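Geometric and topological summary
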Amino acid sequence: MMDFWKTEERLWREGVAAYEELMTGDCIMVFGPVGILERDRIVESIRAAPRWSAIEMSEQVVREHGGKVVILAYRARADREGGGAYEAYCTSTYVREGDIWRIAQHQQSPV
């Protein structure tokens, strides 16, 4: 099975290419200050934002459902150049499409 925590870190640290590779076609993400984003707006917002230089995940919980859905829940602490530390509680939902796992949902609630 895929290492979901490494994939999650990729999404924090890498750019648009990682999102385009890893998202489902109908992925949604929710960020308190930004709102609800669908795939095109997710890519647009990632392209415009600097990536995180460091990410620490704690309080990690994984739930697997029927071999087709995996849900992650965790507390994130991230840093980026020119910005201060950011902390949030996060959830991500991955779905299996054939043999490939893709992120279908991600949500952040700042601490």
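As a starting point, this report considers the structure included with it. (Residues numbered from 1 in each chain as written. Predicted model: local features only at pLDDT ≥ 70, side-chain atom pairs only at ≥ 80, totals over all residues. Heavy atoms only, no water.)

1. A look at helix α3 (residues 39–48)
Counting along an α-helix, one turn takes 3.6 residues, and residues three or four places apart therefore face a common direction. Among the residues making up α3, those that are buried are I42, V43 and I46. Mapping the buried residues of α3 onto a view down its axis gives an arc of 95°, with all of them on the same face. Exposed and oriented more than 90 degrees from the buried face of α3 are D40, E44, R47 and A48. Looking at the packing, one finds that the buried side of α3 touches α2 (16–22), β1 (23–31) and β2 (35–38). (Buried < 20%, exposed > 50% of the residue type's maximum accessible area, 1.4 Å probe, protein only. Helix = DSSP H or I, 4+ residues; strand = E, 2+ residues; numbered from the N terminus. Arc of directions from axis to C-beta. Contact = heavy atoms within 4.5 Å.)

2. A short note on the state of the cysteines
For the coordinates displayed, the defined rule picks out zero disulfides. Unpaired in this structure, C27 has its nearest cysteine sulfur neighbour in C90, at a distance of 14 Å. Note on C27: relative accessible area 0%, which makes it buried. (Disulfide = S-S within 2.5 Å.)

3. What to know about the side chain of T93
Position of T93 among the secondary structure elements: in strand β5 (residues 86–97). Not counting the four nearest positions on each side in its chain, T93 is found in contact with V69, V70, I71, R102, I103, A104 and Q105.

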